[in-house]
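Coordinates in review
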Amino acid sequence: IFMAEMSFEQLWADVVPVPQVDAPDAVVKIAYSKEFTNLMDLFRAVQKKEEYSERVLELIEELLELNAGNYTVWLYRRNCLKKLKLDLNEELDYLDGFSKENPKNYQIWHHRRTIVEWLGNGDRELAFCESVFEVDAKNYHAWAHRQWALQTYNLWDKELAFIEKCLKTDIRNNSAWNQRWFYVHSGPEAQSIEVLNREVAYCVDSLVQVTLNESAWNYLRGLYKTHHQELHEIIRTKVEEMVESSNRKNPFALGLLADICEYTGNQLLTAGPNEATQAVQELREASKICVELVSLDQIRAKSWTRRVRALNLRADSVVVEAA
Amino acid sequence: MEDFSGLWYDCESSDTTTSVDQCACERDCAAFLKPMSTYSPEALKKFQDGELVNYNKEIRLLRSLHAIYLTNGLQHLSGGFVSLDASRPWICYWIIHALYLLNREPTFMYPRVINTLKFMQNKYGGFGGGPSQITHCAPNYAAVLTLCTIGTPAALEVIDRPAMYGYFLSLKSPSGGFMIHTDGEVDSRGTYTVIAVARVLNILTKELTEGVADFVVRCQTYEGGFGGEPNNEAHGGYNYCALATLLILKSAHLCDMEAQENWLLRRQVKLEGGFQGRTNKLVDSCYSFWQGAALAMCEMVKNSDSDTYDMEQYLAHTACAAEATSQDAKPPADHISADGEIGLDLDLTDLVLEELPEGQRIRQVDDTSGTLPFNQQALQRYILHCAQNLEGGGMRDKPGKSRDFYHSCYALSGLSIAQSCITSSLKSDHPVESAAREQTKEEILNALPDIELDWSAAQVYGDSDNLLEPTSAVFNIGLRRLHTALEYFKGLPSDHETLLALHAAQR
C-alpha cells in the first residue's frame, strides 16, 4: 500500500540505472521500447547491488510481462523469494495466471517445479496441468510436469481414470497413450498378467472403432516388444485378425505383423538348427508383408524395399548354412 | 499424385481434435502441393515472373529473397523481438547458418558478429542470451556454432575453452545428464548442447561424459523415439538431441536403434511429405531437420562409429572428384589471378560441390532416390512448396503460419540434409565394431543388401539451382566449417587437469 502511493519513478529514485553494454555496432539489435530499457536498466542496477526486496519483485513482474523468456530474471526472482521468505502458494497463484498466456515457456515451467519442490507438496499440480490440457491436450511441458509431480508426490490415485478420460475425449491423443504407458510401468500397479491382458484388450478395443490410430498401434507394438513372453500369442492372434478384417489394407496392422514375424524368425534363428526351417518361414512371411507395404504405404516405399531385401538376404543366408 | 487420392486422412466417422486438425492441415498443404503442371498458363506465368518457378515448370528456392530477409534480421530487429531478448545468439546462429546454406554469407558483417558475441560471454565460462545475462547452454551452443560457422581464427579464439569446461562440469547432474543452466532443468536438450560443444571444442573428457549415455538411453520410450526426460513422450526435438549425443559418445548401440529408425520413418506424413514431431501431431518444417538429420544419423551409424562420417565422406569425395576431373573442373574463383592465369595450387578442401562438372554433380530425384532411409523427394517438395514464405522471403512452419528465423534455419537445414549424398557405403567395407555383440549370430541377423553407392551426386528436387551447401547431421554447421573448427581446437590442451588449471590461472 505504501508503495502504491509512490510513483514508479519516486520508488526507484535512489537507484542509478545501469545501461546494457552491447558491442559497439552490435548485430541482432532489438528496438526495445523505452519502458523495457528503463526496467532492464533498473534490473541491472539491482543485480549489481544484490538487492532483494518487494520492489524488486514488482520490477521483475513488469519485466516478465514484456519478456517471459529472460531466465536471468527468473533466477533472480527465485533468489528474492528465498531471501524474503514469501508465501509460495501466492507464487503459484502468480504462475497459474502467467501460464495461460505462455503455456510453452520453459522458464515458467521450471520455475514452477522449483517452487513446488520448495513447498514440498504437489497438491495443486494435477489440477493445474488439467487446466492447461483444456486449452492444449498435448502440451509437452504440462505432461512432463504431471509425470514429475505424480512420481515425486505419489499422486497416482486417480491417474488411470484421468488418462481414460483424455483418451475418451480424443483416442488419438498420443500424449495420453504415453501417459498410460508411464502409469502402467512406473505407477502403483505391478505388471501382472491381468494388467497386461487388460492393456492389450484396451488397445484392441480402441482399434475396433478407429483402426488407423497410430498411437494405439505403437502402444500395442510396445506391449509386444516389452512383454514378449507373456503377450506374444494373444497379440499375434489379434493382429492377424485385424489384418484379415481390413482385407490386408491396414498398413499399421500389416507393419506390426511384419515386425512380429521378423522378431519370431530372429528368435528362432538363435534357438538352434532344428528351428531353422520355421525361422526362414517367418522371415519370408515378413518379407511378403513388406512387399505389400511398398505399395500400401508409399511414402515409406524406399525403406520397405530395403527391408524386403534385408529379410530375403537373411532368409537366404540361413538356407545356405543348413545345406 | 495430382488428386492425392489414397493419401487423405481417414477419420473413420470418429472425428476428434486430432483428426480435425490433421484434415485441415492436409487441405491447406494440398493447395500448395499441386504439381506445377496443373496450374493454368496465366498462373504459371505469374509464378515465373515471381521467380518461384523456372521455365521447365520446376519450383525454385527463392534464394535471394530469403537472403534479404535473413541479412536484414542480422542488422535490425523490431521491438516485437523483445521476447527473444534472452536468445540473441540463437538469432545469430539461425540467420548465419541459413545464409551459409544459401551460399550468401554476410562476410562483411562477421567482425561485428564476433564482437557482439564476445560481449555475451561470461568470465566464469559460457555465453548467455545477451550481455549481462548468465550463461545458458542453449545460447551457448548457438554462440559457439555461429563462431565456428564464421570459422576464422578471429572468431574461434573468442571462445574461452577452459572457463567453459569448468562451467560445464558445474552443470553435471547425478542423473548423468546436464542442467541447461545453473539450477536449471536436466534433459536431453541440455545434455546435447553441452556434449556437442565440448566435442567441437575438444574438451570432451571422461569427467564430462561419465554417465551421460546411460541417462540418454533411459529417455527412449516404447515408441522407439526419445523424450526430454525418462518417460516423457517421444518428440522430434529431444529425439535429435538424444541421438546426436549418443553418436558423439559412440554409444548408439546402447539404445534400440531399430526401434529408433522405425519411429523416425513413421514420422514422415504421407500427404504433406514433411515430418511431424510426435505421433498424431501436425507436420512442421522445422522437423525436416530434427527428424531428417536423425535419419541421416541412423544411416551414419550403420557405416561407422564416427560422428563426423558425413564430413569425412564429403571431404574425401570432393578431393577425389577434383583429382579425377582436374583438367575439366573450374578451379575455385579465388585461384584465378589478376591476369587470368589459373593457379595450380588447388586447395582441395575448399572445392565446393558446385564447381564440379554438371553431369557429375546433380541428379533429379524420384520417390526412392537417395541413400537416406526416408523419402527425400517428398520432404524437399514439402519444404519448397509449403514452407517458403513468398512475400519477402523466409521460411515458415506450414501454410498459414508466419515466417521466422528459427524455421528459416531448420527448414533449410532439412532441405540440405534431404539433398545430401553423403552416407551409405557397401556394408562389407565398414563393419561396425561393437564389443557387446557376438560375430556369427549378428552377421546373419544384420546382413544388409549391397546399397548402391552413388554419393557423388546430390538429390535435388525442382530447379537444380536449389542445391544448398551440405550440413553436418550431428552439429548442423557446414561440413567444411566443422572441419576447420575441429582442426583448430584439436591441437589445444584437452585434459581435465590442464583445463582446470588454465581456468584457475585466468581468474
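A brief report on the enclosed structure follows. (Residues numbered from 1 in each chain as written. Chains lettered and ligands numbered in written order. Predicted model: local features only at pLDDT ≥ 70, side-chain atom pairs only at ≥ 80, totals over all residues. Heavy atoms only, no water.)

A few points about the overall build of chain A
Stated formally: Labels follow the DSSP assignment, with helices taken as runs of H or I lasting at least four residues and strands as runs of E lasting at least two, numbered in each case from the N terminus. C-alpha atoms define the radius of gyration, and 2.2 Å times the number of residues to the power 0.38 defines the globule rule. Buried residues are those whose accessible area, probed at 1.4 Å on protein chains only, stays under 20% of the maximum for their type, while exposed residues exceed 50% and partly exposed ones sit between those limits. In what follows, a contact means two residues having at least one pair of non-hydrogen atoms within 4.5 Å. The method behind every accessible area is Shrake-Rupley, applied with a 1.4 Å probe, and residues are considered shielded solely by the protein chains displayed.
A tally of regular secondary structure across chain A gives 17 helices and zero strands. Against the 2.2 N^0.38 benchmark of 20 Å for 323 residues, chain A shows a C-alpha radius of gyration of 29 Å, more extended than a compact globule. Each principal axis of the C-alpha distribution contributes one length, and for chain A these read about 90 × 50 × 35 Å. Here chain A, with 323 residues, has 54% of them falling under the buried criterion. Taking the intrachain contacts of chain A between residues at least 6 apart in sequence as the baseline, contacts between residues at least 24 apart amount to 62%. With the model as given, the accessible surface of chain A reaches about 14800 Å², and the carbon-plus-sulfur share is 53%.

Brief notes about the overall build of chain B
From N to C terminus, chain B includes 21 helices and four strands. Split into buried and exposed, the 507 residues of chain B put 63% on the buried side. Once local pairs closer than 6 in sequence are excluded, the contacts in chain B between residues at least 24 apart make up 72%. Summed over all atoms, the accessible surface of chain B reaches about 18800 Å², with 52% contributed by carbon and sulfur.

Considering the interface of chain B and chain A
Applicable threshold: Here's the idea: put two parts together, see how much 1.4 Å probe accessible area each one loses, and the total over both is what we call buried area. One speaks of a salt bridge when a side-chain nitrogen belonging to Lys or Arg is within 4 Å of a carboxyl oxygen belonging to Asp or Glu. For this analysis, a polar contact is any N or O atom pair within 3.5 Å, provided that within protein one partner can donate a hydrogen and the other can accept it, and provided that sequence-adjacent residues contribute only side-chain to side-chain pairs. All residues other than Ala, Val, Leu, Ile, Met, Phe, Trp, Tyr, Cys, Pro, Asp, Glu, Lys and Arg, Gly among them, are scored as polar; the first ten of these are nonpolar and the last four charged.
Facing 93 residues of chain B, the contacting portion of chain A comprises 72 residues. Of the roughly 6900 Å² buried between chain B and chain A, counting both surfaces, carbon and sulfur atoms make up 50%. Salt-bridge contacts for Arg267 of chain B lead to Glu214 of chain A; the nearest nitrogen and oxygen are separated by 2.9 Å. Taken together, the connections running from chain B to chain A amount to 57 residue pairs in polar contact (both at pLDDT 80 or more). At the level of elements, α1 (17–33), α3 (63–75), α4 (88–101), α5 (110–118), α13 (257–266), α14 (287–303), α17 (376–387) and α19 (439–445) of chain B are the ones that each hand at least two residues to the side of chain B that touches chain A. When the residues that make up the side of chain B that touches chain A are grouped by side-chain class, the tally is 33 nonpolar, 37 polar and 23 charged.

Quick word on helix α3 (residues 34–49) of chain A
All names here are of chain A. Put simply, the test is: Given the number of residues in a helix, its expected span is that number minus one, multiplied by 1.5 Å.
A rise of 1.5 Å per residue sets the reference length of α3, with its 16 residues, at 22 Å; its end C-alpha atoms lie 23 Å apart and thus fit the reference within 8%. Of all the positions in α3, only Phe36, Leu39, Met40, Asp41, Leu42, Phe43, Arg44, Ala45 and Val46 are classed as buried. At its buried positions, α3 is contacted by α2 (8–11), α4 (54–66) and α5 (71–84). Taken from the residues just after α3, Glu50 is the one with a positive phi, measuring 55°.

Section: the packing of aromatic side chains
Where we set the bar: Any Phe, Tyr or Trp ring, taking Trp's six-membered ring, that has another such ring centre within 6.5 Å forms a pair; planes under 30 degrees apart are called stacked, those over 60 apart edge-to-face, and the others tilted. Here, a charge over a ring is recorded when the distance from Lys NZ or Arg CZ to the ring centre is within 6 Å and its angle to the ring normal is within 35 degrees.
On inspection of all chains with the given rule, the structure shows 40 aromatic pairs over all chains. Here Tyr192 of chain B and Tyr240 of chain B contribute two aromatic rings whose centre-to-centre distance is 5.5 Å and whose plane-to-plane angle is 75°, an arrangement assigned as edge-to-face. Residue Tyr192 of chain B is located in helix α9 (residues 188–201), and its partner Tyr240 of chain B is located in helix α12 (residues 236–248); the two are separated by 48 residues in the primary sequence. Overall, Tyr192 of chain B belongs to the buried group, its relative accessible area being 3%. One aromatic cluster is present, formed by Trp90, Tyr93, Trp94, Tyr141, Tyr192, Tyr240, Phe289, Trp290, Tyr406 and Tyr410 of chain B through successive ring pairs. One residue, Arg112 of chain A, lies across the ring of Phe128 of chain A, its end atom 3.6 Å from the ring centre.

Describing the packing of helix α8 (residues 125–135) of chain A against helix α9 (residues 140–153) of chain A
Any two packed helices are characterised by how steeply their axes cross, that is the angle between the axes, and by the distance between the axes. Residues and elements named next belong to chain A. What counts is decided by this rule: Note on method: axes are straight lines fitted to C-alpha atoms, helices fitted across the in-contact stretch only, with angles between N-to-C directions ranging 0 to 180 degrees. Roughly parallel here means an angle under 35 degrees, roughly antiparallel means over 145, roughly perpendicular means 65 to 115, and every remaining angle is called oblique. Crossing handedness follows the turn of the near helix against the far one: under a right angle anticlockwise gives a left-handed crossing, and clockwise gives a right-handed one.
Axis separation between α8 and α9 bottoms out at 10 Å; the angle between their running directions is 165°. Looking at the two axes, α8 sits roughly antiparallel to α9. The handedness of the crossing between α8 and α9 comes out as left-handed. Contacts between α8 and α9 involve Glu125, Leu126, Cys129, Glu130, Val132 and Phe133 from the first element and Ala142, Trp143, His145, Arg146, Ala149 and Leu150 from the second. Broken down by class, the residue content of the contact of α8 with α9 amounts to eight nonpolar, one polar and three charged.

Regarding helix α21 (residues 496–506) of chain B
At 3.6 residues per turn, the α-helix brings residues three or four places apart onto the same side. Residue and element names in this part refer to chain B. Selection criterion: For this quantity, the arc is that covered by the directions from the helix axis to the C-beta atoms.
Those residues of α21 that sit buried are His496, Leu499 and His503. Buried residues of α21, seen end-on, are gathered within an arc of 75° and therefore sit on one face of the element. Exposed residues lying more than 90 degrees from the buried face of α21 are Glu497 and Ala505. Structurally, α21 contributes buried residues whose contacts are with α8 (161–170) and α10 (206–209).

Notes on a negative patch on the surface
All names here are of chain A. Just so we agree on the cut-off: Residues enter patches when they are more than 30% accessible in relative terms and free of salt bridges; like-charged ones are connected within 9 Å and nonpolar ones (Val, Leu, Ile, Met, Phe, Trp, Tyr) within 5 Å. Neither His nor the chain ends is counted toward charge; the positive residues are Lys and Arg and the negative residues Asp and Glu. Every charge is mapped onto a representative atom, which is NZ of Lys, CZ of Arg, CG of Asp or CD of Glu.
On the surface, Glu35, Glu54, Glu58, Glu62, Glu65 and Glu101 cluster together into a negatively charged patch. Looking at which element gives the most residues to the negative patch, the answer is α4, with four residues. You can see Glu35 is positioned in helix α3. On the basis of relative accessibility, which here comes to 44%, the residue Glu35 falls in the partly exposed class.

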